[in-house]
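# Inside the fold
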Amino acid sequence: MNGGPLAKLAELGLSLPETAAPVASYLPAVQSGQHVYVSGQLPMLDGKLLATGKVGGGISAEQAKELAQRCALNALAAVDALVGLENVVKVVKVTGFVASAPGFTGQPGVINGASDLFGTVFGEAGRHARSAVGVAELPLDAPVEVEVVFEVG
């Protein structure tokens, strides 16, 4: 794939959505020095949550992986709105939260939906540190939430 991150998204058939509006009192992204901290992103599209429920319950791991990719796309939109996607030097850290049904232990596979997108869009600069955490509940009964730290230049 040639071109910058927007061209790579286009090659994947994806485009940046409007930055998702916060669901409480916070900013979608904040820059401090050479880093942009993107608030936890839910799998929103056009202001609506794409799914609700627990992974390993009503939501399959594969569906949750796709939702995690949507969260990552929303994170890209937030960083783009703040500093421009072309200014991303490195994806530093991804933290993924998975609303998990009892006994579900596939959180890392779910959050691969976000990690894989960052790797495809940024290549080696998309490789990052990561945590994938199972939780009891997420805002609005979302199945997944992803927050990201980017280095910018």
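Placed above this text is the structure.
Residues numbered from 1 in each chain as written. Predicted model: local features only at pLDDT ≥ 70, side-chain atom pairs only at ≥ 80, totals over all residues. Heavy atoms only, no water.

### Looking at the pattern of salt bridges
Pairing between side chains of opposite charge can happen when the charged atoms of each approach one another. Quick note on the threshold: Any Lys or Arg side-chain nitrogen located within 4 Å of an Asp or Glu carboxyl oxygen qualifies as a salt bridge. Helix and strand assignments come from DSSP, with helices taken as H or I runs of at least 4 residues and strands as E runs of at least 2, each series counted from the N terminus. Relative accessibility thresholds used throughout: buried, under 20% of the residue-type maximum; exposed, over 50%; partly exposed, between the two (1.4 Å probe, protein chains only).
All chains considered together, the criterion is met by four salt bridges. When the shortest N-O distance is used, the salt bridge between Asp141 and Lys54 registers 3.7 Å. Pair noted here: Asp141 is in the loop between strand 6 (129-135) and strand 7 (144-152) and Lys54 is in the loop between strand 4 (48-49) and helix 2 (61-83), with a separation of 87 residues, a long-range link. Judged by its relative accessible area of 31%, Asp141 falls in the partly exposed class. A salt bridge links Glu124 to Arg127; its shortest N-O distance comes to 3.5 Å. On the basis of relative accessibility, which here comes to 60%, the residue Glu124 falls in the exposed class. Judged by its relative accessible area of 56%, Arg127 is exposed. Each of Lys54, Glu137 and Asp141 takes part in a single network of salt bridges with overlapping partners.

### Some details on the sheet that holds strand 1 (residues 29-32)
Heads up, the rule is: DSSP calls a pair of strands paired once it identifies at least 2 bridges connecting them. An axis is simply a line fitted to the C-alpha atoms; with a helix, the fit covers only the stretch in contact. Between two such axes, the angle follows the N-to-C directions and lies from 0 to 180 degrees.
Strand order across the open sheet formed by five strands is 1-2-7-5-6, with mixed pairing between neighbours. Where the open sheet ends on each side, the last strands, each with one partner, are strand 1 and strand 6. Adjacent strand axes in the sheet meet at a mean angle of 15° when their direction is disregarded. As paired elements, strand 2 (residues 35-41) and strand 7 share five bridges and run antiparallel to each other. Its bridge partner lying in strand 7, Tyr37 is registered against Val149.

### Some remarks on the pairing of strand 2
In this sheet, strand 2 lies alongside strand 1 in antiparallel orientation, the contact comprising four bridges. When the sheet's bridge partners are listed, Val30 is paired in strand 2 with Tyr37. If you look at the hairpin formed by strand 1 and strand 2, you'll find two residues sitting between the two strands, and Gly33 has a positive phi there, around 65°.

### Examining the nonpolar core
Here is the rule: The nonpolar core is taken to be a set of buried Ala, Val, Leu, Ile, Met, Phe, Trp, Tyr and Cys residues, with the residues joined through side-chain atoms within 4.5 Å. Pairs of residues are marked as contacts when any of their non-hydrogen atoms sit within 4.5 Å.
Among the nonpolar cores identified, the biggest contains 36 residues, and Leu76, Val110, Phe118, Phe122 and Phe150 are the most heavily contacted of them. Among the secondary structure elements, those contributing two or more residues to this core are strand 2, helix 2, strand 5 (88-99), helix 3 (107-122) and strand 7. The dominant element in this core, judged by the number of residues it contributes, is helix 2, at 11 residues. With near-sequence residues (within four places) excluded, Phe122 lies in contact with Pro5, Leu76, Leu85, Val88, Val91 and Phe150. By size, the runner-up hydrophobic cluster in this structure holds five residues, among which are Leu42, Met44, Leu138 and Ala142.

### Examining the packing of helix 2 against helix 3
Which entries qualify depends on this criterion: Roughly parallel means an angle under 35 degrees; roughly antiparallel, over 145; roughly perpendicular, 65 to 115; everything else is oblique. In a left-handed crossing the near helix is turned counterclockwise from the far helix by less than a right angle, and in a right-handed crossing that turn is clockwise. Each residue receives one of three labels: charged for Asp, Glu, Lys and Arg, nonpolar for Ala, Val, Leu, Ile, Met, Phe, Trp, Tyr, Cys and Pro, and polar for the others, Gly being one of them.
Between helix 2 and helix 3, whose axes approach to 7 Å, the crossing angle comes to 45°. One finds that helix 2 runs oblique with respect to helix 3. Like other packed secondary-structure pairs, helix 2 and helix 3 cross with a definite hand, here right-handed. Where helix 2 approaches helix 3, its residues Ala61, Ala64, Lys65, Ala68, Gln69, Ala72, Leu73 and Leu76 are matched on the opposing element by Gly109, Val110, Ile111, Asn112, Gly113, Ala114, Asp116, Leu117, Phe118 and Phe122. Considered class by class, the residues forming the contact of helix 2 with helix 3 number 12 nonpolar, four polar and two charged.

On their own, these measurements won't tell you what the molecule is for.
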